[in-house]
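The lines below spell out each chain.
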Amino acid sequence: MKKITIPASSDQLDHVLDFVNQGLNELDCPKKTQLQIDIAVEEIFVNIAHYSYETMQGDTTISIEPLSDHSGLLLTFEDSGKPYNPLEQSDPDITLSASEREIGGLGIFMVKKTMDNLSYLYENGNNILTIKKSW
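Residues numbered from 1 in each chain as written. Predicted model: local features only at pLDDT ≥ 70, side-chain atom pairs only at ≥ 80, totals over all residues. Heavy atoms only, no water.

Here we look at the nonpolar core
Thinking step 1. Formed by 30 residues in total, the largest nonpolar core has its most connected members in Val 20, Ile 37, Leu 75 and Ile 131.
Thinking step 2. Contributions of two or more residues to this core are made by α1 (13–26), α2 (31–52), β2 (59–66), β3 (72–79), α3 (106–114), β4 (117–123) and β5 (126–134).
Thinking step 3. For this core, the leading source of residues is α2, giving seven residues.
Thinking step 4. Once you skip the residues sitting within four places of it in the chain, Val 20 turns out to touch Ile 37, Val 41, Ile 62, Ile 64 and Leu 75. (Core = buried A, V, L, I, M, F, W, Y, C linked by side-chain atoms within 4.5 Å. Buried < 20%, exposed > 50% of the residue type's maximum accessible area, 1.4 Å probe, protein only. Helix = DSSP H or I, 4+ residues; strand = E, 2+ residues; numbered from the N terminus. Contact = heavy atoms within 4.5 Å.)

Laid out in structure tokens, this is it:
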């Protein structure tokens, strides 16, 4: 397992993506899957950076764990910000035009649609969001 702890700030996104992509390259992740994972990482990390800590500063720990047969990975985001389960948010009605839809929710919706599994846990004062992607 590889792990990085980084300030939960959107200006750290490039560092997060570099860390994740290095891990994906080591696992021989296909490029198409890597692009899907990059979008998911960006959506999740930016949401943590913008909403988790409100006015205070905090960190996010991101870990990459290969599946036992190396055919995919588990990617976990952990922060000690305010409790929030993004999986409880209703999916946006994508049949409506952009002007008719409520603002928000499209990013996590895309993550749900492109990843194989998402899980959320609030434990010991930490939000723990795990995504699974196979290739």
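Considerations on α2
Thinking step 1. Over its 22 residues, α2 runs 30 Å from end to end, which matches the ideal 32 Å to within 8%, given 1.5 Å per residue.
Thinking step 2. Phi for Glu 54, located one or two positions after α2, is positive at around 50°. (Expected span 1.5 Å × (residues − 1).)

Focus: the packing of α1 against α2
Thinking step 1. The geometry of α1 relative to α2 is characterised by a closest axis approach of 10 Å and an angle of 150° between their N-to-C directions. The two elements α1 and α2 cross, and the hand of that crossing is right-handed. The segment α1 lies against α2, with Leu 13, Val 16, Leu 17, Val 20, Asn 21, Leu 24 and Asn 25 engaging Lys 31, Gln 34, Ile 37, Asp 38, Val 41, Glu 42, Phe 45 and Val 46.
Thinking step 2. When its residues are assigned to classes, the contact of α1 with α2 shows nine nonpolar, three polar and three charged. (Axes fitted to C-alpha atoms, helices over the stretch in contact; angles between N-to-C directions. Left-handed = near helix turned anticlockwise from the far one by under 90°. Nonpolar A, V, L, I, M, F, W, Y, C, P; charged D, E, K, R; others polar.)

Nothing here speaks to function; it is geometry throughout.
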